[in-house]
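# Survey of secondary and tertiary structure
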Amino acid sequence: MIYLKVIRVVSKAIIDFVFPYQCQYCKTILAPQEDVWCTKCRLTIQYTNYFNMPLNPVYHMFSAFKDVVFGGSLWFYDKKSLVANILHELKFMRRKELAQPIGEELGEELRDSPYMPEKIDMIIPVPLHPKRLKWRGFNQSEEIAKHVAPIIQAQVVSDVLMRAQETDTQSSKSLSERWSNVSGAFQLVDPEAIRGKTIMLLDDVITTGTTLSHCLRALEHANPKSISVVSVAFAGAKRF
Ligand SMILES: [Zn+2]
């Protein structure tokens, strides 16, 4: 087994050496000014521009929560898009290194947003269930948050909100089933850490908003100063 692992590591190193700068998606050789994804692939990514629109669909999705003052996503999510592929590689192929370019791009867009609260005290990544965390080895939202945080001068805090119970895979469930499945799934461990603070709640993809709504319900008990809800991708609305 150990030999197989060594062979795999060595062959990957050789491939990386021979083909050092391939586009992560289409595998064409990158030009010197390109990074991670080639220009052609990047042009297929659909940006929401929500961080420049205060009353965008992500904000509206969560505006009923009294503490939510700002919301937005970086990219639109479509099943067969590059965005879907990037997030699939990160989450299911466990390519943790992709969190860096994603987080940096998200961080820069947030930094340049005229509507984000001036100072974010802490970024709280949506927690994974311990079983899933064990399988993946990392929480993708937390990894992305680590690269967003230095750009907006915030701190990542991942131990105040916990996933309290098992949730099955959400994708095949109806909306009402999802609600019953996730209900009560999050627990606030340290309310004092949140009281009076400006919070940014961060997830990878927003679909129905159910997961984030449950996080918000848990967080609002601690009376934070404000909450911003941010994700990398948004699957829940039509273009406009
Ligand atoms: Zn490409």
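This structure is a prediction, so every number in the text was calculated from the model and none was measured.

## Quick notes on the coordination of the zinc ion
- Taken together, Cys23 (SG), Cys26 (SG), Cys38 (SG) and Cys41 (SG) make up the full set of protein donors to the zinc ion, lying 2.3 Å away.
- With four donor atoms in place around the zinc ion and angles of 104 to 118° between them, the coordination shape is tetrahedral.
- Sequence positions of the residues that donate to the zinc ion give the spacing C-x2-C-x11-C-x2-C.
- Take Cys38: its relative accessible area is 6%, and that puts it in the buried class.

## Thoughts on the sheet that holds strand β6 (residues 198-206)
- Reading across from one edge, β1-β7-β6-β2-β3 is the order of the five strands in this open sheet, with parallel pairing throughout. Each edge of the open sheet carries a strand with a single partner, namely β1 (68-76) and β3 (155-156).
- Pairing between strand β2 (residues 122-125) and β3: two bridges, direction parallel. Counterpart to Met122 in the pairing with β3 is Gln155.
- Of the strands in this sheet, β2, β3, β6 and β7 (226-234) touch helix α7 (residues 140-148), which is tilted by about 125° from β6.

## Quick notes on the pattern of salt bridges
- Tallied over the full model, the rule gives eight salt bridges.
- Here Glu105 ties to Arg42 by a salt bridge, and the two come within 3.4 Å at their closest N and O atoms. With a gap of 63 residues between them, Glu105 in helix α5 (residues 99-111) and Arg42 in helix α2 (residues 39-42) connect regions that are remote in the sequence.
- Classification of Glu105 by relative accessible area gives buried; the value is 15%.
- Note that Asp112 is salt-bridged to Arg111, the shortest N-O span being 3.3 Å.
- Accessibility expressed as a relative area gives 51% for Asp112, which makes it exposed.
- If you follow the salt bridges from partner to partner, you end up with Glu89, Arg95 and Glu97 in one network.

## A short note on the environment of Ala235
- Within the secondary structure, Ala235 sits in the segment after β7.
- Not counting chain neighbours up to four residues away, the residues in contact with Ala235 comprise Tyr77, Val205, Ile206 and Thr207.

## Remarks on α5
- Spanning 13 residues, α5 covers 18 Å between terminal C-alpha atoms, matching the ideal 18 Å at 1.5 Å per step.
- Among the residues of α5, Ala99, Pro101, Ile102, Gly103, Glu105, Leu106, Gly107 and Leu110 are the ones counted as buried.
- In this structure, the buried side of α5 is in contact with α2, β1, α4 (82-91), α7, β6 and β7.

## What to know about a nonpolar patch on the surface
- Residues Ile2, Tyr3, Val6, Ile7, Val10 and Ile14 make up a contiguous nonpolar surface patch of roughly 640 Å² in combined accessible area.
- Within the fold, Val10 resides in helix α1 (residues 2-18).

## Some details on the pairing of β1
- Of all nine residues making up β1, eight are buried, and the element is well covered by its neighbours.
- Across seven bridges, the pairing between β1 and β7 is parallel. Across the sheet, residue Ser73 finds its bridge partner in β7, namely Ser231.

## Some details on α7
- When α7 is considered as a whole, its buried residues turn out to be Gln140, Ser141, Glu143, Ile144, Ala145 and Val148.
- Between the side-chain oxygen of the N-cap and the backbone nitrogen of Ser141 there are 2.9 Å, and the N-cap of α7 in question is Asn139.

## Structural notes on the confidence of the model for the protein chain
- Looking at the protein chain as a whole, the pLDDT averages 88, with 86% of positions reaching at least 70.
- In the model, residues 177-183 has pLDDT below 50 throughout and makes 22 contacts with residues more than four positions away in sequence or in other chains.

## Remarks on unusual backbone geometry
- With phi around 70°, Lys27 is a residue other than glycine that occupies positive phi space.
- Relative to the assigned elements, Lys27 resides in the loop between α1 and α2.
- Even without being a glycine, Asn223 presents a positive backbone phi close to 55°.
- Positionally, Asn223 belongs in the loop between α9 (210-220) and β7.

What counts, and where the lines are drawn
Residues numbered from 1 in each chain as written. Predicted model: local features only at pLDDT ≥ 70, side-chain atom pairs only at ≥ 80, totals over all residues. Heavy atoms only, no water. Donors = N, O, S within 2.8 Å, 3.2 Å for Na, K, Ca; no water. Tetrahedral: all angles 85-135°; square planar, octahedral: opposite > 155°, others 65-115°. Buried < 20%, exposed > 50% of the residue type's maximum accessible area, 1.4 Å probe, protein only. Pairing = 2+ DSSP bridges. Helix = DSSP H or I, 4+ residues; strand = E, 2+ residues; numbered from the N terminus. Contact = heavy atoms within 4.5 Å. Axes fitted to C-alpha atoms, helices over the stretch in contact; angles between N-to-C directions. Salt bridge = Lys/Arg side-chain N within 4 Å of Asp/Glu carboxyl O. Expected span 1.5 Å × (residues − 1). Patch = residues over 30% accessible without salt bridge, like charges linked within 9 Å, V, L, I, M, F, W, Y side chains within 5 Å. Areas by Shrake-Rupley, 256 points an atom, 1.4 Å probe, with all protein chains shown as cover. Polar contact = N/O pair within 3.5 Å; in protein donor to acceptor, adjacent residues only side chain to side chain. pLDDT = per-residue confidence, 0-100.

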